[in-house]
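Here is how the chains run, residue by residue.
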Number of protein chains: 2
Amino acid sequence: MVQRILSTELAAHAGEQVRLAGWVHRRRLLKSVAFLILRDRAGLAQVVVADQTARQRLEQLPEETVVEVTGRAVANPDAPGGVEVVEPGWETLSEPAEPLPFELYRPELRASLPTVLDAAPFALRNARQRAPFELAAAGVRGFRATLDGLGFTEVHTPKLVGYATESGANVFGVDYFGRRAYLAQSPQFYKQAMVGVFERVYEVGPVFRAEPHDTARHLAEYTSLDAELGFVRDHRDVIGVIREVFAGMIDTMAERAGAAVAAAGITLPEVPAELPVVHFAEALELIGAATGEDLSGEQDLAPAHERWLSAWAEREHGSEWLIVTGYPTAKRAFYTHPDPARPGYSRGFDLLFRGLELISGAQRLHRYADYVAAITARGESIEPYASYLEFFRHGMPPHGGFAIGLERFVARLTGAANVREVTLFPRDLHRLTP
Amino acid sequence: MVQRILSTELAAHAGEQVRLAGWVHRRRLLKSVAFLILRDRAGLAQVVVADQTARQRLEQLPEETVVEVTGRAVANPDAPGGVEVVEPGWETLSEPAEPLPFELYRPELRASLPTVLDAAPFALRNARQRAPFELAAAGVRGFRATLDGLGFTEVHTPKLVGYATESGANVFGVDYFGRRAYLAQSPQFYKQAMVGVFERVYEVGPVFRAEPHDTARHLAEYTSLDAELGFVRDHRDVIGVIREVFAGMIDTMAERAGAAVAAAGITLPEVPAELPVVHFAEALELIGAATGEDLSGEQDLAPAHERWLSAWAEREHGSEWLIVTGYPTAKRAFYTHPDPARPGYSRGFDLLFRGLELISGAQRLHRYADYVAAITARGESIEPYASYLEFFRHGMPPHGGFAIGLERFVARLTGAANVREVTLFPRDLHRLTP
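About the thresholds
Position numbers for residues count from 1 along each chain, tracking the sequence in the order it is written. Labels follow written order: the first chain is A, the first ligand is 1, and so on. In view of the model being predicted, local features appear only for residues whose pLDDT reaches at least 70, and side-chain atom pairs are presented and counted only at 80 or more, with totals across whole chains, interfaces and linings using the full set of residues. Hydrogens are left out, water is left out, and the side-chain values use all remaining heavy atoms of the structure. Only heavy atoms enter the contact rule, under which two residues are in contact if any of them lie within 4.5 Å. As used here, buried area is the combined drop in accessible area, with a 1.4 Å probe, of two parts when they are placed together. Any carboxyl oxygen of Asp or Glu within 4 Å of a side-chain nitrogen of Lys or Arg constitutes a salt bridge here. Polar contacts here mean pairs of N or O atoms no more than 3.5 Å apart (in protein, one a potential hydrogen donor and the other a potential acceptor; neighbouring residues in sequence count only if both atoms are side-chain atoms). Where helices and strands are cited, they refer to DSSP runs of H or I of at least four residues and of E of at least two residues respectively, numbered from the N terminus. Each residue is assigned to one of three groups, with Ala, Val, Leu, Ile, Met, Phe, Trp, Tyr, Cys and Pro labelled nonpolar, Asp, Glu, Lys and Arg labelled charged, and all others, Gly among them, labelled polar. Paired strands, in this sense, are two strands between which DSSP finds at least two bridges. Axis definition: a line fit to C-alpha positions, over the contact stretch in the case of helices; interaxial angles, taken between N-to-C directions, run 0 to 180 degrees. A simple rule labels every residue: compare its accessible area, found with a 1.4 Å probe on the protein chains alone, to the largest value its type can have, and call it buried under 20%, exposed over 50%, or partly exposed in between. The arc in question is formed by the directions pointing from the helix axis toward the C-beta atoms. The definition of a nonpolar core used throughout is a set of buried Ala, Val, Leu, Ile, Met, Phe, Trp, Tyr and Cys residues joined through side-chain atoms within 4.5 Å. How far each domain reaches was decided by an automatic or database domain assignment.

**Some remarks on the interface of chain B and chain A**
Here comes step 1: On the side of chain A, 92 residues touch chain B, which itself brings 92 residues to the contact.
Here comes step 2: Together chain B and chain A conceal approximately 7,800 Å² of surface at their shared face, both sides included; 62% is due to carbon and sulfur atoms.
Here comes step 3: There are 14 salt bridges connecting chain B and chain A.
Here comes step 4: A salt bridge links A:Glu199 to B:Arg41; the shortest N-O distance between them is 3.0 Å.
Here comes step 5: Here chain B is connected to chain A by 47 residue pairs in polar contact (both at pLDDT 80 or more).
Here comes step 6: Sorting elements by how many residues they give to the side of chain B that touches chain A places helix H4 (residues 127-149) of chain B first, with 8 residues.
Here comes step 7: Of the residues belonging to the side of chain B that touches chain A, the class tally is 49 nonpolar, 16 polar and 27 charged.

Pasting the structure below:
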């Protein structure tokens, strides 16, 4: 039997007997001839149905039925890829499909977001709907390849944890053999611990936030790309790695997901050789000088300020990326390293991309005594952190790291208005199925 | 300032001023001279301390203190890598470390498993303890590279699910915004759904089993390497991919984690060009003929039978790997495709490796009506599966897949007696911290 080929391989087989398999993407029943447009994972193929009996069979095959087609590949400049299949025979591999609530073959699905999400396993068969997920897969591949090349080791840390640290309110509780456990909000403490073993580690995995907010940006479960590295001078070494990571992610999308870039109708951003950096205090001054706002004493950036700064970076540095360093220590997690040169400011930073905060990063504390002091200074008890603090008793190097929310990045990249559009099966306040 | 180099790069810098950073692995205080053995992520470096003042400082630096050392690299055939560092100056990057309950520098840690697990962030600094995790990282990299090369797409499916399908007893319950949710026991249904979108998908992620068994093989959370592919003839196409995947994993371990292979003291297995296959019914006959047991009517293989079959595959086929196909349909998950040619037997299979079942795989059902029939025939209600069954209403190709338990595989590879030895922070009936 002839080996199955993909639609994109047809051109290399012109003149030969071929076998294709895929879905009935669309039927075109013209007066003199009919076409079966077959879709497989690579693209579309045009199958010419001239025979009357065959045509009658085709009329009974609804869109999305799975078929295997054999026939002869012949050149036709009007067909997709310049080759079509003639004199076809075909076999139905699955029962005729039931109709969907939308027409998949249209360039853009005409359906509401809830309809699309409920029918994700079918809606994503549309090339434009599927594109963000192909970009995400290529991006994660680039993330790992970049870090592998920089001497990082991949780790898998537990998602079931014994303490609700880090903003305990937004944590999911689990019945754990009669005890209480929690779903990890991040691999933060574990990746830091592993710096003591591997120096440089990364993890790609789910994180869980019991977010009661019903917004276009929040999910109860998302994919976090985490990295942490030891023996840093300060946060600047972390920023250097972030630059390499985004360059690697974007390059891999261009190389491995060119069709998805086209289907999404986007242009991939340039990543400058060095990411432009502005200090939090200078950022407030810049905004204040431009807008006339009195921002003295501000401890954080409002969304409008982030947008202003992004536009400024684009103008001043020709960059869609901007690092804001030196966020006030009081507004960052307790494990953030303060800036010894500027009291009140930390070595924590954010990356703004196209007007939005995309990732947070920092140099962290690395001394046991500093952790105890930082937690105590916030009026918190060290008890819930006790098992975590042990990690710092036996020699931890200066270190720092960052986390990228995969869905949020892909949404920003594709211009999706809602992060759910780029999440396979989103979980939120209302949605737990499919 | 001189750039930091790794211990393994010293040889390339003989005669130069160098900077190293790492942990005080061991001190050797001899009469005439002292040595500081420095450990970094790449290996060990010998630092010669001849000066008396420096020696007194070294005596105050406990093992595992983090230091940065500058000095001159000079050739010495007796030093690790043939080069040592002389005339050192050093700086302590972290407070002197507190003593650990074991001596890390010994080739094998002298500590019980619970002690090692409680102190994982330190115990794994020992090269032999760390090796399985370096093998795991390389193995997962090989898994992905192999599947990327075969046209698979990586997906991220939800771990929070609305229904406790698949053996509901062993599932963890979650408080989900006042509702009941569950932790996914596998990405099974989601990866099948995504075959309808991408044809070939894989996922690396955590799975959760509320296993009340306190054994050396069971974990409440482990890393599952899942793959699923469409347009298969039958289970044999799945087995073909499994062969490629294991070859890729083992090759990548050899290429990328050679030092870990040496530290673990193991030999990596050969993966034959084709995995030997035996049918369940023939397997029972072989065992019965050899042992005299009456195995007629057996529906599963006992551990002793798995060991016997593995030894048989080694003798007959020179293979540490054996595929057993055709497990009785009644003993497999309801979504397993039956074998039309042998009633009562399925297209589900196991892979035995070194006497142990390592993975399960199968061709799955792909027609909606077949699912309804299979679930009904088992006396179950289709209600909990309703949202899942929708996946099969709109054209699903014949497909199949498999899942590899990462920790179980690495344990088998390294000869670990307990799967916890190769899990960073194991979760079980008793263990929820660190």
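Further notes follow.
**Observations regarding the sheet that holds strand E14 (residues 348-353) of chain A**
All names here are of chain A.
Here comes step 1: Sheet architecture is open: 8 strands sit in the order E6-E10-E11-E16-E15-E14-E13-E12, paired in mixed fashion. In the strand order of this sheet, the two ends are held by strand E6 (153-154) and strand E12 (277-279), each with one partner.
Here comes step 2: Bridge count between strand E11 (residues 221-230) and strand E16 (residues 399-405): 7 bridges; the pairing is antiparallel. Across the sheet, residue glutamate 228 finds its bridge partner in E16, namely glycine 401.
Here comes step 3: Against the sheet, helix H8 (residues 280-291) contacts E12 and strand E13 (321-325), and its axis sits at roughly 85° relative to E12.

**A word on the sheet that holds strand E10 (residues 200-208) of chain B**
Working definition: the strands of a sheet are paired by backbone hydrogen bonds and lie parallel or antiparallel to each other.
Residue and element names in this part refer to chain B.
Here comes step 1: If you trace the 8 strands from one edge of the open sheet to the other, you get E6-E10-E11-E16-E15-E14-E13-E12, paired in mixed fashion. Edge positions in the open sheet fall to strand E6 (153-154) and strand E12 (277-279), since each of these has one partner strand only.
Here comes step 2: Summarising the sheet, E12 and strand E13 (residues 321-325) pair through 3 bridges and their orientation is parallel. For valine 277, the partnering residue across the bridge sits in E13 and is isoleucine 323.
Here comes step 3: Strands in contact with helix H6 (residues 235-256) are strand E11 (221-230), E13, strand E14 (348-353), strand E15 (356-364) and strand E16 (399-405); relative to E16, the strand with the most contacts, it is inclined by about 35°.
Here comes step 4: Strands E12 and E13 of the sheet are contacted by helix H8 (residues 280-291), whose axis makes an angle of about 85° with E12.

**A look at helix H1 (residues 52-59) of chain B**
Residues that lie three or four places apart on an α-helix share one face, since the helix turns once every 3.6 residues.
Residue and element names in this part refer to chain B.
Here comes step 1: Taken as a whole, H1 has its buried residues at Ala54, Arg55 and Leu58. Along the long axis of H1, the arc covered by the buried residues comes to 100°, so they all point the same way.
Here comes step 2: Between the side-chain oxygen at the start of H1 and the backbone nitrogen of threonine 53 there is a gap of 3.1 Å, and the oxygen is on aspartate 51.

**Side note on the nonpolar core**
Here comes step 1: Of all hydrophobic cores here, the largest spans 52 residues; its most connected members are A:Phe143, A:Phe246, A:Phe402, A:Ile404 and A:Phe409.
Here comes step 2: Excluding residues that lie within four positions of it along the chain, A:Phe409 makes contacts with A:Phe246, A:Met249, A:Ile250, A:Met253, A:Trp321, A:Phe353, A:Leu358 and A:Ile404.
Here comes step 3: Counting 50 residues, the second largest nonpolar core, distinct from the first, contains B:Ala131, B:Val204, B:Phe246 and B:Val261.

**A closer look at the domain arrangement of chain A**
Note on interface size: it is often stated as the accessible area lost on association of the parts.
Here comes step 1: When cut into domains, chain A gives domain 1 (7-92) and domain 2 (121-422).
Here comes step 2: If you average the C-alpha positions of domain 1 of chain A and of domain 2 of chain A, the two centres end up 47 Å apart.

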